[in-house]
There are 2 protein chains.
Amino acid sequence: MTPTLQDCRERDALEPLRPLRDLFALPEGRIYLDGNSLGATPKATAARMADVVQREWSQELIASWNQAGWVDLPQRLGNQFAPWLGARQGELVFTDTTSINLFKVLSAAARIAAEDGPARRKLLTERSNFPTDLYIAESVCAQHGLELVLLEPEQILGALDDETAIVLLTHVNYRTGAMHDMEGLTAAAHARGIVCVWDLCHSAGAVPIDLHGADADFAVGCGYKYLNGGPGAPAFVWAHPRVVNRCAQPLAGWFGHAAPFRFTPGYAPAEGIDRYLCGTPPILGLSALQCGLDVFSAAELLGGMAALRAKSLALTDLFIALVEQRCAGHGLTLVTPRAHDRRGSQVCFARDGGGACAVVQALIARGVIGDFREGDGGLHQDILRFGFTPLYVGFEEVWHAVEQLRQVLESGEWREARFHQRPKVT
Amino acid sequence: MTPTLQDCRERDALEPLRPLRDLFALPEGRIYLDGNSLGATPKATAARMADVVQREWSQELIASWNQAGWVDLPQRLGNQFAPWLGARQGELVFTDTTSINLFKVLSAAARIAAEDGPARRKLLTERSNFPTDLYIAESVCAQHGLELVLLEPEQILGALDDETAIVLLTHVNYRTGAMHDMEGLTAAAHARGIVCVWDLCHSAGAVPIDLHGADADFAVGCGYKYLNGGPGAPAFVWAHPRVVNRCAQPLAGWFGHAAPFRFTPGYAPAEGIDRYLCGTPPILGLSALQCGLDVFSAAELLGGMAALRAKSLALTDLFIALVEQRCAGHGLTLVTPRAHDRRGSQVCFARDGGGACAVVQALIARGVIGDFREGDGGLHQDILRFGFTPLYVGFEEVWHAVEQLRQVLESGEWREARFHQRPKVT
């Protein structure tokens, strides 16, 4: 039976994470289903930024490096968020960007793999991985004499062989929302002696992650999607204690030095994850990010990741059910896996006969902010993409979003949708 | 004749750049002579950050990538500041950190030099260069099979030979304030076919720089010192049009791609300086930095770099004269060059018999914020370091700073100075 608007309202009323929404400053009259591109703004961020600028920086100036704890903010934020990734204290830092952190860990992974000799000559990844992952992997491969092998997801398990040095996988695919079995793939890779690097951009803060449980080697991820750190927020980097000290990474800046303030002329990498730091930390960005992480600390009190995941699956289940029932006959085909253990926190549909981009534009004009991802003309179709951040998206919003989608499709207004040229910053 | 307090007040009253000080939010009752470590806060920054967080991010969300111009902020800020470096439109971007930008340009320089063959096997730099420069150079050398050669400043010219691939120099030394002859050294290097990389961290915004006039190859520099962009602000990177497209740099992130929003699987570097971008730009940090650059746009109306440089030299001349007259007999020896064409915008003294750190601490306790730099027990002594940012430091402040220094030295109170353990984030 199709859930009704009233059903959705009742679910919101009973929902244990409901108070978290009040921690966000969201625009009136819009339904935001693009938090997997840019997370929403915690209400606390504005006051925090004012304090950093007007007191810590303006009044205390350089003294804030110690007094305000600027100097170890990358580590403190890492420790604050580590439990959400199944990481331990002292293993995670927030710094630089996902692209740069990926360069660091792939370079380290290549150095580690090289110790096994030149037979390990391949880096495997998914063809539909987010492009920056492919570009960085291509660059690291060129530097280390590795071959970059692009695969479809179902080919990966069978491609793991003794010639593989590294497998780089994005846990949740940015287009389809399909989620890999991190533990199973890591175990299969390790059985072949392959170093496993996980990109958690579309899963950190959105789905359960247990890096130690999965025995991963390296992980990186984004601060501006589900972590709500703000546009271009610092990213994170993690390395398993087993591999973290095996080699230095090449971005050997002073904050990754064993004694950064001794000013010795030779580089000596810090022990542990600190060696993955590089230049002076971006204090404004890190301070804003902290407000995003504080929301997770609040969520911990309301059930933590188990509650977030339950709500995320309920939201995406509801969205799928409503679209398939209320928008039937308009050529939409679910792309995201139905199976819970294969689904991230987003839902994508392809549309027969095209028009996916126009439909998304028409929805945005009606105040429902989703996203469009272009296909490649081959295996990967154009898709409508909708992200469901369980911290702030509610069931009633899902109902209204589908109702707007229904109206867009039935009215045909999408055929006249104005195209906003905008970059797709996933 | 020793200038009097009254003389200093009169100079302030007549000084054409005086209105710029009102653009900064500085703490009451303190004299800030450490703007070469962390620049002061422009008054406009607080409102700008509030607007970015509360309107652009919170209310407009992803639409701000286009509507608020987030997507090309690195380039727009680069164009805004380019004239202050003698760079042209489209040649400069603000992104990442100095350390990371240095890695990019040194890697590119190594690739360019390699085209001349394996005979070019050395990277020359100064032993007293800022440590992160040495660490990054060490890493790049290891990757490219180059030998890192550390020299004293007076050895550099004679060391440029046909085996040298790259010379990396910091224009103004972070310890001593000594300034290199950029044009002369670049010409001497080019005569030997050597690629010239300049670190402008302690000179950008403080002294005249003409990258095209000097015919430099690459340059990087800091956003949080004289540019007043805030703690850990994004840094800049520049490449001469002659070399910018000769090769890709290894941090091949999506923002450096020729078509970043086409999401093609293969990397194709953008034309021009855009290829030195990597990950998603840090919008909060860039937005704050813009307020720092806006002060320079205001300075342009009041005489520009000629006026800034004249004031900087007048401030440092005055400080040197007052210290040498009023603090005579306390063992202070000027380390910074007296010659104007060899001096940056800071003044350093060594102290016979030690105690430099304690004197700086005692001064800070009296509200005069200078800095201390430890020596290496050899050629480089412990020093007291004072930065003079002509945008906001006045002549009367110089007088009071020296008077406080005199009292600290004469009273001997520095012998009881409490040591604040604080990292030296230059």
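Residues numbered from 1 in each chain as written. Chains lettered and ligands numbered in written order. Predicted model: local features only at pLDDT ≥ 70, side-chain atom pairs only at ≥ 80, totals over all residues. Heavy atoms only, no water.

### Description of the domain arrangement of chain A
Residues and elements named next belong to chain A. With domains assigned, chain A is organised as domain 1 (5–32 + 303–416) and domain 2 (48–299). Using only C-alpha atoms to locate each centre, domain 1 and domain 2 end up separated by 29 Å. Residue-level contacts link 33 residues of domain 1 with 24 residues of domain 2. Interface area for domain 1 against domain 2, summed over the two sides, is near 2,200 Å², with a carbon-plus-sulfur share of 62%. (Domains from an automatic or database assignment. Contact = heavy atoms within 4.5 Å. Buried area = accessible area lost by both parts, 1.4 Å probe.)

### So, the side chain of Arg 309 of chain A
Looking at the element boundaries, Arg 309 of chain A is found in helix α12 (residues 304–326). Put simply, Arg 309 of chain A is tucked away with no salt bridge, and the nearest opposite charge, on Asp 341 of chain A, sits 7.3 Å away. (Helix = DSSP H or I, 4+ residues; strand = E, 2+ residues; numbered from the N terminus. Buried < 20%, exposed > 50% of the residue type's maximum accessible area, 1.4 Å probe, protein only. Lys, Arg positive; Asp, Glu negative; His and termini not counted. Salt bridge = Lys/Arg side-chain N within 4 Å of Asp/Glu carboxyl O.)

### Things to note about the pairing of strand β9 (residues 218–221) of chain B
Residues and elements named next belong to chain B. Covered by surrounding structure in β9 are Phe 218 and Val 220 together with Ala 219 and Gly 221, the residues of both alternating faces. Looking at chain direction, strand β8 (residues 195–199) and β9 are connected through three bridges and run parallel. Pairing of Val 197 across the sheet is with Phe 218, part of β9. (Pairing = 2+ DSSP bridges.)

### Description of the side chain of Asn 173 of chain B
Residue and element names in this part refer to chain B. Along the chain, Asn 173 falls in the loop between β7 (164–170) and α9 (182–191). You can call Asn 173 buried: its relative accessible area is 6%. A polar side-chain atom of Asn 173 sits 2.7 Å from the main-chain amide nitrogen of Arg 175. If sequence neighbours within four positions are ignored, Asn 173 has contacts with Glu 126, Ser 128, Ala 178 and Gln 346. (Polar contact = N/O pair within 3.5 Å; in protein donor to acceptor, adjacent residues only side chain to side chain.)

### Brief notes about the packing of aromatic side chains
Any pair of aromatic rings gets described here by the distance separating the centres and the angle formed by the planes. Taken as a whole, this structure holds 41 aromatic pairs over all chains when the rule is applied. With a centroid separation of 5.8 Å and 85° between ring planes, the pair formed by Trp 254 of chain A and Phe 261 of chain A is classed as edge-to-face. For the pair Trp 254 of chain B and Phe 255 of chain B, a centre-to-centre distance of 5.0 Å together with 90° between the ring planes defines the contact as edge-to-face. By way of ring pairs, the aromatic residues Phe 130 and Tyr 174 of chain A together with Trp 254, Phe 255, Phe 261 and Phe 263 of chain B are connected into one cluster. (Phe/Tyr/Trp six-rings, centres within 6.5 Å; stacked < 30°, edge-to-face > 60°.)

### Describing the state of the cysteines
All names here are of chain A. Within the structure shown, the criterion is met by zero disulfides over all chains. Of the cysteine sulfurs around Cys 141, a residue in no disulfide, the closest is that of Cys 196, at 15 Å. Under the relative-accessibility criterion, Cys 141 is labelled buried at 3%. Not part of a disulfide, Cys 247 finds its nearest cysteine sulfur in Cys 278, a span of 15 Å. (Disulfide = S-S within 2.5 Å.)

### Examining the relation of the copies chain B and chain A
One copy of the chain maps onto the second through a rotation about an axis and a displacement along it. After a rotation of 180° and a shift along the axis of 0.0 Å, chain B superposes on chain A with an RMSD of 0.0 Å. On this basis, the relationship between the two copies can be described by a two-fold rotation axis. Comparing interface residues between copies, 100% of those in chain B also sit at the interface in chain A, which points to an isologous, same-surface contact. (Least-squares fit on C-alpha atoms with pLDDT ≥ 70 in both.)

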